[in-house]
Amino acid sequence: MAHKISQDCVACGTCISECPVGAISEGDIYTIDPNACIDCGTCADVCPQGAISAE
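Here the structure is a predicted model, which means the values were calculated and not measured. (Residues numbered from 1 in each chain as written. Predicted model: local features only at pLDDT ≥ 70, side-chain atom pairs only at ≥ 80, totals over all residues. Heavy atoms only, no water.)

Attention shifts here to unusual backbone geometry. Despite not being glycine, alanine 11 has its phi angle at roughly 55 degrees, a positive value. Tracing the backbone through its elements, the reader meets alanine 11 in the loop between strand E1 (3-5) and helix H1 (14-18). Residue alanine 11 is classed as partly exposed on the basis of its relative accessible area of 27%. A positive phi is found at aspartate 39, a non-glycine position, where the angle reads about 60 degrees. (Helix = DSSP H or I, 4+ residues; strand = E, 2+ residues; numbered from the N terminus. Buried < 20%, exposed > 50% of the residue type's maximum accessible area, 1.4 Å probe, protein only.)

Encoded structure:
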């Protein structure tokens, strides 16, 4: 199950550097490629806004 970034994302960049497979893309609101996500949850653990959750 991939993770998803909600509208609460403030594009701080914290999650990008923590993703071990590079599944997160930058933008006004960051996105996670569900085909690349390995469901490790690291991005959700480090998100200061709590904007990432399991889909």
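A few words on empty space enclosed by the protein. As enumerated under the stated definition, the model contains 2 cavities of 30 Å³ or more in all. Taken as a whole, the largest cavity spans an internal volume of roughly 90 Å³. Across the lining of the largest cavity, the residue classes break down as 11 nonpolar, 3 polar and no charged. In this structure, the second largest cavity encloses a volume near 80 Å³. (1 Å grid on protein atoms, 1.4 Å probe; cavity = no way out; pocket = protein on both sides within 12 Å on 5 of 7 lines; lining within 4 Å. Points joined across faces, edges and corners; volume = space filled by probe spheres on them. Nonpolar A, V, L, I, M, F, W, Y, C, P; charged D, E, K, R; others polar.)

Bringing the state of the cysteines into the picture now. Scanning the entire structure with this criterion turns up 0 disulfides. Of all cysteine sulfurs, the one in cysteine 15 lies closest to cysteine 9, which takes part in no disulfide; the gap is 6.3 Å. For the unlinked cysteine cysteine 37, the closest cysteine sulfur is that of cysteine 43, found at 6.1 Å. (Disulfide = S-S within 2.5 Å.)

A few words on the side chain of histidine 3. On the secondary structure map, histidine 3 appears in strand E1. A distance of 3.1 Å separates polar atoms of two side chains, one belonging to histidine 3 and the other to aspartate 39. (Polar contact = N/O pair within 3.5 Å; in protein donor to acceptor, adjacent residues only side chain to side chain.)

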